[in-house]
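# Summary of structural features
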Amino acid sequence: MADPDTLPPVREPAPARDWGTALPSSKADPIAATARHAPSQPPPKLYEKRKAVHNKRIDGWFRRFKWLVMLVTLTIYYVTPWIRWDRGPYAPDQAVLVDLANRRFYMFDIEIWPHEFYFVAGLLIMAALGLFLVTSAVGRAWCGYACPQTVWTDLFQHVDRFVDGDRNARMRLDRAPWGPKKIAKRSFKWSIYLVISLLTGGAWILYFADAPTLFSDFFTLEASSVAYATVGILTFTTFWLGGFMREQVCIYMCPWPRIQAAMLDEKSLLVTYKEWRGEPRGSVKKAKKEPEKYGDCIDCLQCVAVCPTGIDIREGQQIGCITCGLCIDACDRVMADIGRPRGLIDYATLDQCEAEARGEETPPPWKALLRPRTLIYFTIWGAIGAAMLFALGARTHTELTVSPDRNPPYMLMKDGTVRNAYTLRVRNMEARPRDMEIALAGLPAGSLMWTDRIRSEDAAPRQTVTVPANEIRVVRAYVTVPAGNPVDAFAFTVTSLDEQRERDTAETTFDSPVSE
Amino acid sequence: MADKSRIDEPTGTEFVGHEWDGIEELNTPLPRWWLWTFYASIAFAAVYVVLYPAWPMVERATQGVLGWSSRGDLVEEMGRADLARRATFEKIAATDITKLPADPDLMGQAIAGGAAAFKQHCVQCHGAGAAGYEEYGYPNLNDDDWIWGGELSEIEYTLIHGIRWDGSDETRINYMPAFGDIFDPGQLDTVTQYVLSLSGKAQGSAAGAELFDQNCTACHGVNGEGVQALGAPALNDAIWLYGDDPAQVRSQIAYPRHGAMPGWSDKLDPVTIRMLAAYVHSRGGGEYAGDETEEVAPEFDGDGSSDDVASALQGEGDG
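Residues numbered from 1 in each chain as written. Chains lettered and ligands numbered in written order. Predicted model: local features only at pLDDT ≥ 70, side-chain atom pairs only at ≥ 80, totals over all residues.

### Here we look at the overall build of chain A
Counting its secondary structure elements, chain A contains 17 helices and 15 strands. For 516 residues, the compact-globule estimate of 2.2 N^0.38 gives 24 Å, and the C-alpha radius of gyration of chain A, at 33 Å, exceeds that figure by more than 25%. Over its C-alpha atoms, taken along the principal directions, chain A stretches across nearly 115 × 75 × 50 Å. Out of the 516 residues belonging to chain A, those deemed buried represent 31%. Pairs at least 24 apart in sequence give 70% of the contacts found in chain A among residues at least 6 apart. (Helix = DSSP H or I, 4+ residues; strand = E, 2+ residues; numbered from the N terminus. Rg over C-alpha atoms; globule rule 2.2 N^0.38 Å. Buried ≥ 20, exposed ≤ 12 C-beta atoms within 10 Å, placed from the backbone. Contact = placed C-beta atoms within 7 Å.)

### Things to note about the overall build of chain B
Helix and strand counts for chain B stand at 11 helices and 4 strands. Taking all 319 residues of chain B together, the buried fraction comes to 34%. Long-range pairs, those at least 24 residues apart, make up 61% of the contacts in chain B with a sequence separation of at least 6.

### Quick notes on the sheet that holds strand E1 (residues 7-8) of chain B
Residue and element names in this part refer to chain B. One open sheet accounts for 3 strands, arranged E1-E2-E3; its pairing is antiparallel. In this open sheet, the two strands that pair with only one neighbour each are E1 and strand E3 (23-26). As defined by bridge partners, strand E2 (residues 13-20) adjoins E3 across 3 bridges and the pair is classed as antiparallel. Of the residues in E3, the one forming a bridge with Glu-19 is Glu-24. (Pairing = 2+ DSSP bridges.)

### A closer look at the nonpolar core
Residue and element names in this part refer to chain A. Core analysis: the largest hydrophobic core is formed by 45 residues, its most contacted members being Cys-303, Ile-313, Cys-327, Cys-331 and Ile-345. Here this core gets 6 residues from one element, more than from any other, and that element is helix H15 (residues 326-337). If near-sequence neighbours (up to four positions away) are discounted, Cys-331 is found in contact with Gln-302, Cys-303, Leu-344 and Ile-345. Residues Leu-400, Leu-412, Ala-421 and Phe-510 belong to the second largest nonpolar core, which totals 30 residues. (Core = buried A, V, L, I, M, F, W, Y, C linked by C-beta atoms within 7 Å.)

### Observations regarding the sheet that holds strand E12 (residues 462-467) of chain A
Residue and element names in this part refer to chain A. Reading across the sheet, the 4 strands line up as E12-E10-E14-E15 and stay open at both edges, with antiparallel pairing between neighbours. Of all strands in the sheet, those bounded by a partner on one side alone are E12 and strand E15 (503-509). Adjacent strand axes in the sheet meet at a mean angle of 25 degrees when their direction is disregarded. (Axes fitted to C-alpha atoms, helices over the stretch in contact; angles between N-to-C directions.)

### Let's talk about the interface of chain A and chain B
Contacts between the two partners involve 36 residues from chain A, matched on the other side by 31 residues from chain B. Those elements that place two or more of their residues in the side of chain A that touches chain B are strand E1 (47-48), helix H10 (247-253), strand E8 (411-412) and strand E9 (418-428) of chain A. For the side of chain A that touches chain B, the per-class residue count stands at 15 nonpolar, 8 polar and 13 charged. Inspection of the sheet shows E1 of chain A paired to strand E4 (residues 30-31) of chain B by 2 bridges, in the parallel sense. Within the sheet, the bridge partner assigned to Glu-48 of chain A lies in E4 of chain B and is Pro-31 of chain B. (Nonpolar A, V, L, I, M, F, W, Y, C, P; charged D, E, K, R; others polar.)

### A word on helix H1 (residues 32-51) of chain B
Taking 1.5 Å per residue as the helical rise, H1 of chain B with its 20 residues ought to reach 28 Å, and the 29 Å between its terminal C-alpha atoms agrees with that figure. Of all the 20 residues making up H1 of chain B, 0 are buried; the element is thus mostly uncovered. (Expected span 1.5 Å × (residues − 1).)

### Topic: the packing of helix H3 (residues 104-121) of chain B against helix H10 (residues 270-281) of chain B
Residue and element names in this part refer to chain B. Closest axis-to-axis distance for the H3/H10 pair is 7 Å, and the angle between their directions is 100 degrees. The pairing of H3 with H10 is recorded here as roughly perpendicular in orientation. Residues Met-107, Ala-110, Ile-111, Gly-113, Gly-114, Ala-115, Ala-117 and Phe-118 of H3 form the contact with H10, whose participating residues are Thr-272, Arg-274, Met-275, Leu-276, Ala-278 and Tyr-279. When its residues are assigned to classes, the contact of H3 with H10 shows 10 nonpolar, 3 polar and 1 charged. (Parallel < 35°, antiparallel > 145°, perpendicular 65-115°, else oblique.)

### Quick notes on unusual backbone geometry
Residues and elements named next belong to chain A. The amide bond that connects Glu-279 to the next residue, Pro-280, takes the cis arrangement and shows omega of -15 degrees. Tracing the sequence through the fold places Pro-280 in the loop between helix H12 (275-278) and helix H13 (284-289). Here the bond from Asn-407 into Pro-408 is cis, since omega is -5 degrees, no more than 30 degrees from zero. If you check the backbone angles, Arg-246 has positive phi at about 45 degrees while not being a glycine. Along the chain, Arg-246 falls in the loop between helix H9 (225-245) and H10. The backbone of Asp-299 sits at a positive phi, close to 55 degrees, despite the residue not being glycine. For Asp-299, a count of 12 C-beta atoms within 10 Å translates into the label exposed.

### A closer look at the environment of Arg-281 of chain A
Residue and element names in this part refer to chain A. By secondary structure assignment, the location of Arg-281 is in the loop between H12 and H13. In the structure, Arg-281 is positioned 15 residues away from Asp-296 in sequence and 6.9 Å away in space, judged by C-alpha atoms. The residues touching Arg-281, leaving out its near neighbours within four places in the chain, are Tyr-294, Gly-295, Cys-297, Ile-298 and Asp-299.

### Points about the pairing of strand E10 (residues 434-441) of chain A
Looking along a regular strand, one sees side chains alternate from face to face of the sheet. Residues and elements named next belong to chain A. Burial of E10 is one-sided: the residues Arg-434, Met-436, Ile-438 and Leu-440 facing one way are buried, the residues Asp-435, Glu-437, Ala-439 and Ala-441 facing the other way are not. Two elements, E10 and E12, share 6 bridges in a ladder whose sense is antiparallel. Counted as the bridge partner of Asp-435 is Thr-466 from E12. Looking at chain direction, E10 and strand E14 (residues 489-496) are connected through 6 bridges and run antiparallel. Bridge assignment links Met-436 to a residue of E14, and that residue is Ser-496.

### Quick look at the confidence of the model for chain A
Confidence in the prediction for chain A averages 86 pLDDT; 91% of positions are at 70 or higher. Contacts of residues 1-38 of chain A to residues separated by more than four positions or lying in other chains number 48 contacts, the stretch itself having pLDDT below 50. (pLDDT = per-residue confidence, 0-100.)

### Let's talk about the confidence of the model for chain B
All names here are of chain B. Per-residue pLDDT for chain B has a mean of 86; in total, 89% of the residues score no lower than 70. Predicted confidence for residues 291-319 stays below pLDDT 50, and this span has 69 contacts to residues more than four positions away or in other chains. For this predicted complex, the interface confidence score (ipTM) comes to 0.73, while the overall pTM stands at 0.71.

### Considerations on H10 of chain B
Residues and elements named next belong to chain B. Here H10 is 12 residues long and its end C-alpha atoms lie 16 Å apart, about the 16 Å a rise of 1.5 Å per residue gives. Extensive coverage of H10 is indicated by the burial of 10 of its 12 residues. Regarding H10, the residues found buried are Thr-272, Ile-273, Arg-274, Met-275, Leu-276, Ala-277, Ala-278, Tyr-279, Val-280 and His-281.

### Re the environment of Lys-99 of chain B
Residue and element names in this part refer to chain B. Positionally, Lys-99 belongs in the loop between helix H2 (70-94) and H3. Assessed through the 12 C-beta atoms surrounding it within 10 Å, Lys-99 is described here as exposed. Taking the C-alpha atoms as reference points, Lys-99 and Leu-152, separated by 53 residues in sequence, lie 9.6 Å from one another.

### A few points about the packing of helix H3 (residues 117-138) of chain A against helix H17 (residues 372-394) of chain A
Residue and element names in this part refer to chain A. The geometry of H3 relative to H17 is characterised by a closest axis approach of 9 Å and an angle of 160 degrees between their N-to-C directions. On the basis of the axis angle, H3 is roughly antiparallel to H17. Our pair here, H3 against H17, has a crossing hand that is left-handed. For the pair H3 and H17, contact is made by Phe-119, Gly-122, Ile-125, Met-126, Leu-129, Gly-130, Phe-132, Leu-133, Ser-136 and Ala-137 and by Arg-373, Thr-374, Tyr-377, Phe-378, Ile-380, Trp-381, Ile-384, Gly-385 and Met-388, respectively. Within the contact of H3 with H17, the residues separate by chemical class into 13 nonpolar, 5 polar and 1 charged. (Left-handed = near helix turned anticlockwise from the far one by under 90°.)

Pasting the structure below:
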């Protein structure tokens, strides 16, 4: 142990931060509430039954924003495969297509080949950094608005509301014994689930084949079994995860909330209950009698009722909070009704909350976005994006790779010339067939080349091959160097014989017999 | 062990009773769906064990009700592949080998099929790169030196009938006399020097020229250019089947080695042989009818009556 005097002074934990334990227990926290029992009660059960969440309908700024995000994301998901994009006769006309069979990925004017997988890697890195950026700036915004699990759960919860009514009606129906009415309602609701799930799974496969063709093939039972299996699996997962698992996916299955929890700091914008303002809680009546004694929270539990994951935001940050902001909408309404200022629950940073609790002026929330951490994330994110755009713009659509024959490394011909054989891969990334000229660079005069399709008597220093549209043409090339010319390296060049005159060079070796 | 019935105050959860360095484990219940997923996996396993090969037994594993096996899958897939190739095979069978290069796609497929067959049947002697082995006298198939002819039809003929092969009456055959019994050692040296001089490797002599003229030109040609129809190799080029060292050349004149290659007509089907010929021809040295190196080839007489001529020839390996 080090001498206690040399250690830095122990910091007192800020009491304002200690919301999780300072507040009385709540039934809504899905983890903490699971095993609560007094010592005298029987031991807890080993397995925990899910407590259904019947979130109440709410309207407000965040609800409308969620509607908008749902509309945009679902539209993108369902419409994208149907967008046509003319690429000429040699390439598919689907704007976004993952052509696994031919190993091509089309996205509007961009076509990615397997060897350019670094573009996909770059996109994934950008997605990861983008999530870091969003998380450090506005907390779990991804979880709250854009995550497919959230969007589809939201959709299914609207179906619940549409079929069974709002919160109280749903709770009643849940408790009611099974009877004709409940069976009818449940089968109706689950049928709607199933339709949505089928549409979800069905739309997915359209990204992997020509959408109109696959769509008609699918219903005439002519599509491949992989298509049906994929639709089946995705229908099931949508039905199960969106219709029944819901918030349990976020709490138990998804690693991302746990990672995000580690990435949030006191400068991240979070959905926060301002307990300095709300506590102690008291009814409107009590607060009227003794205004000094009670805070703004009237314990109406509206924030709990509207929560899609069924938590109580007043317990502080927790894994179940996806920061969708619906509790802000609910609380703002109540505050307006009882004539108190809005924002008892609001997007705020922890620093801001502490400053507010001390009665200090707080900077506007957007200032929390501009800080070194977010700026660094943004810079890296932007740099990778810019580099990829540059690479995309600068890439040539003609490429050449060469691999020399290793067995045998060289070949002696009758007249004493030395021949090496090479496998050339000439890549034509344009959606039309192109003539390409292959030439030898850096070999002595008299060096000749022919291929497996060109007769040896037609050997010449340059040869022209036609490369089919969007393909790699494999050419076996034979190169002879006249006797007595020690060469050990040279290059093949390929030039597209069109107005672009794209060029690529591939260096390689030339093996000769060891001279005695 | 800590007291099991203790309760963790903040969460109200019971302790499991394990403690490491003051960190204790809570008995947090598992969600119910997890339990059902576990049961579902057990049910899945039970069904799987009945349907598919599962339990290892003494001889082999249990077979499963469905009778599935990965071996069966392979047989089925190979059958499908054979079916897919059939059209190409039929087309190759119907195309005369000399007409094959006129159809570049078919030629390409023949070369690819030949490459596969070569790996199975030919690499044992000629090597994976078809470069042969000088020490055994297995010829290199990549170069442009052909003992028995480098046209597609000649290569196919060699593949069908072999070289010095008992299995075919039409096999390519010749024998070079052992000049060790005819020449004295001095003459052997003189001829060796002269033969090497044909390709500029040594200084020839008038005596050597005379000996060569009298004994060798009948088969190897006046300038040692060889006669493919007889399987007499060219002696004036850079390629030497048994080596270009004077001792190697001398030994080949004195007591020649005669290589042999089996014909493949009894082992391979005509299409495979045709594809092999296309592959060997495509290795960079294939000849075409009408090449200036090509001579008007007399019909090869392989019935044995030409033994007198044949035995005077030096010939080895295949074409």
